[in-house]
Amino acid sequence: MSVRLSDPPAAGARRTGLLLGIDFGGTKMAVGVSDADGRLLAHRRVPTLAEQGAPQALARALDLAGDLVGEVGGPVAAAGVASPGVVRPDGIDLAPNVPGWERLRLADAVRDALDVSRVAVDNDLNAAALAELRLGALRGVDPGLVVGIGTGIAAAVTVGGAVLSGHRGAAGEIGYAVAGGPWPGTMLERDFSGLALDRLAADLDLPGGAAGLAAEAERPGPARDALAARVDEAARALATCCLLLDPQRLVLVGGVTRSDLIRRMLVDRLTEALPHPPDVVRSRFADDAALFGALTLAREAVPAVR
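Computed from a predicted structure; not experimentally measured.

The rules behind the values
Residues numbered from 1 in each chain as written. Predicted model: local features only at pLDDT ≥ 70, side-chain atom pairs only at ≥ 80, totals over all residues. Heavy atoms only, no water. Axes fitted to C-alpha atoms, helices over the stretch in contact; angles between N-to-C directions. Helix = DSSP H or I, 4+ residues; strand = E, 2+ residues; numbered from the N terminus. Parallel < 35°, antiparallel > 145°, perpendicular 65-115°, else oblique. Contact = heavy atoms within 4.5 Å. Nonpolar A, V, L, I, M, F, W, Y, C, P; charged D, E, K, R; others polar. Pairing = 2+ DSSP bridges. Phe/Tyr/Trp six-rings, centres within 6.5 Å; stacked < 30°, edge-to-face > 60°. Buried < 20%, exposed > 50% of the residue type's maximum accessible area, 1.4 Å probe, protein only. Core = buried A, V, L, I, M, F, W, Y, C linked by side-chain atoms within 4.5 Å. 1 Å grid on protein atoms, 1.4 Å probe; cavity = no way out; pocket = protein on both sides within 12 Å on 5 of 7 lines; lining within 4 Å. Points joined across faces, edges and corners; volume = space filled by probe spheres on them.

Peer 1: Quick question: what am I supposed to make of the packing of helix α3 (residues 124-135) against helix α9 (residues 289-300) here?
Peer 2: α9 packs onto α3 with a crossing angle of 75° between their chain directions and a minimal axis gap of 7 Å. If you check the angle between α3 and α9, you find them roughly perpendicular. Between α3 and α9, the contacting residues are Asp124, Ala127, Ala128, Leu130, Ala131, Glu132, Arg134 and Leu135 on the first element and Ala289, Ala290, Phe292, Gly293, Ala294, Thr296, Leu297 and Glu300 on the second. Split by residue class, the contact of α3 with α9 holds 10 nonpolar, 2 polar and 4 charged.

Here is the structure:
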């Protein structure tokens, strides 16, 4: 994949050294190394193995990062890390899918393991939104909304060319939106996310998890009805987000958004419900938006020199 992280710097300005990006997800982890201009030089994914806990996932990702840097060769100027949840210096909130993730200090771990002084860490959807602002579907768009539907579901808001983090860094955590009834119902993420759709597929005795469910739902029947009910819950939450923000464009990222059917169902519901529906697109690097966001975090941590 040939991607530059941003427009070339102004004449006479330059950056040196490699950039390292690490995207931690509930199902997979991705590591990438680029040059200072943002050309991707090496890229690899490995499973998170979430059920085995956070320490092993972190250790394997750092080992992979070290291997890729060694293969490419050269000093690392900065690293960017994308993580689920709300990242604090001493831990991570709202990241329930990998046991023990809340106790990690990601910036310190990367500095210590890879001897990198500049390490920027952000929420994975915020990182994905930064990538869309610099590289993708949100260039010149204001405001924008990025919705990630993978292992979980979350969103990120962009206003004035910047990602809105919120008072506590928790802007866009729509997985905690109230769904169903009676009050207080349940959390949206328990009804509509990769894990939720995997469970629904198992309940319907369908192989292939969320992808198998979406394939079966292409024709009328119990799978279509069950999936439609879950999409309805997600569409209600997204409609509220759109009414509050009035985004010019909504960008979908994450593995669940590979399904043409699910995308069509969401768009149809938003078009029906909203007086001013946004343009809805799937990211051109939907499965790697957070990784390119992590690399962009790294690039922006390195000042250009003349």
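Peer 1: Where do I start with the pairing of strand β3 (residues 40-47) in this structure?
Peer 2: On any regular strand, side chains alternate: one points to one face of the sheet, the next to the other face. One ladder, built from 7 bridges, connects strand β2 (residues 28-34) with β3; its direction is antiparallel. Bridge pairing links Ser34 to Leu40 in β3. The antiparallel pairing of β2 with β3 creates a hairpin that spans 5 residues between the two strands, and Gly38 there sits at a positive phi of about 95°.

Peer 1: Help me understand the packing of aromatic side chains, please; the structure alone is not making it clear to me.
Peer 2: Both the distance between ring centres and the angle between the ring planes are used here to describe each pair of aromatic rings. Overall, the coordinates contain 2 aromatic pairs when judged by the stated rule. With a centroid separation of 5.1 Å and 65° between ring planes, the pair formed by Phe24 and Trp101 is classed as edge-to-face. Of this pair, Phe24 sits in strand β1 (residues 18-24) while Trp101 sits in the loop between β6 (91-93) and α2 (106-114), placing them 77 residues apart in sequence. In terms of burial, Phe24 and Trp101 fall into one category: buried.

Peer 1: What should I look at first to understand the nonpolar core in this one?
Peer 2: Generally speaking, a soluble globular protein has its nonpolar side chains buried in company with each other. Ranked by internal contacts, the top residues of the largest apolar core, which has 38 residues, are Phe192, Leu197 and Leu227. Sorting the residues of this core by element identifies β8 (144-149), β9 (153-159), α5 (194-203), α6 (209-216), α7 (222-245), β13 (249-253) and α8 (260-273) as the ones contributing at least two each. Looking at which element gives the most residues to this core, the answer is α7, with 12 residues. Beyond its immediate sequence surroundings of up to four residues, Leu197 is in contact with Asp191, Phe192, Gly209, Ala210, Leu213, Leu227, Arg230, Val256 and Ile262. Formed by 32 residues, the second largest nonpolar core is a distinct cluster that contains Leu20, Ala50, Leu68 and Val81.

Peer 1: I would appreciate a short explanation of the sheet that holds strand β14 (residues 279-282) in the present structure.
Peer 2: In a beta sheet, neighbouring strands are held together by backbone hydrogen bonds and run either parallel or antiparallel to one another. On the basis of which strands lie adjacent, the open sheet formed by 5 strands has the order β10-β9-β8-β13-β14 and mixed pairing. A strand with exactly one partner marks an edge of an open sheet, and here the two such strands are β10 (162-164) and β14. Pairs of neighbouring strands in the sheet enclose a mean axial angle of 25°, with direction left out of account. Pairing between β9 and β10: 3 bridges, direction antiparallel. Along β10, the bridge assignment pairs Val159 with Ala162. Sheet strands touched by α7: β8, β9 and β13. Its angle to β8, the strand with the most contacts, is close to 165°.

Peer 1: Is there a simple way to explain the layout of surface pockets in this structure?
Peer 2: Empty space among the atoms can be located by rolling a probe the size of a water molecule over them. Approximately 1000 Å³ is the volume found for the largest pocket. In terms of lining, the largest pocket is formed by 48 residues, of which the most central are Ile149, Gly150, Thr151, Gly152 and Gly255. Sorting the residues of the lining of the largest pocket by element identifies β1, α3, β8, β9, α5, α6 and α9 as the ones contributing at least two each. Partitioning the lining of the largest pocket into residue classes produces 23 nonpolar, 15 polar and 10 charged. Quantified by volume, the second largest pocket comes out at close to 220 Å³. As for the second largest pocket, its lining consists of Leu145, Ala155, Val157, Leu164, Ala171, Gly172, Ile174, Ala237, Thr240, Cys241, Leu244 and Leu245. Elements with a contribution of two residues or more to the lining of the second largest pocket: β9 and α7. Element by element, the count of residues in the lining of the second largest pocket is highest for α7, at 5 residues.

Peer 1: Where do I start with the environment of Glu173 in this structure?
Peer 2: Here Glu173 lies in the loop between β10 and β11 (178-179). When its relative accessible area of 17% is taken as the criterion, Glu173 is described as buried. Here the alpha-carbon distance between Glu173 and Ile153, two residues 20 residues apart in the chain, equals 8.0 Å. With residues up to four places along the chain from it excluded, the contact list for Glu173 reads Gly85, Val86, Leu94 and Asn123.

Peer 1: I keep staring at the sheet that holds strand β4 (residues 76-83) and nothing clicks. Help me out?
Peer 2: Taken together, the 5 strands give an open sheet; going across it, the order is β3-β2-β1-β4-β7, and neighbouring strands pair in mixed fashion. Two strands lie at the open edges of the sheet, namely β3 and β7 (119-123), each paired on one side alone. Each neighbouring strand pair of the sheet contributes to a mean axis angle of 15°, computed without reference to strand direction. With 6 bridges joining them, β1 and β2 adopt antiparallel strand pairing. Its bridge partner lying in β2, Phe24 is registered against Met29.

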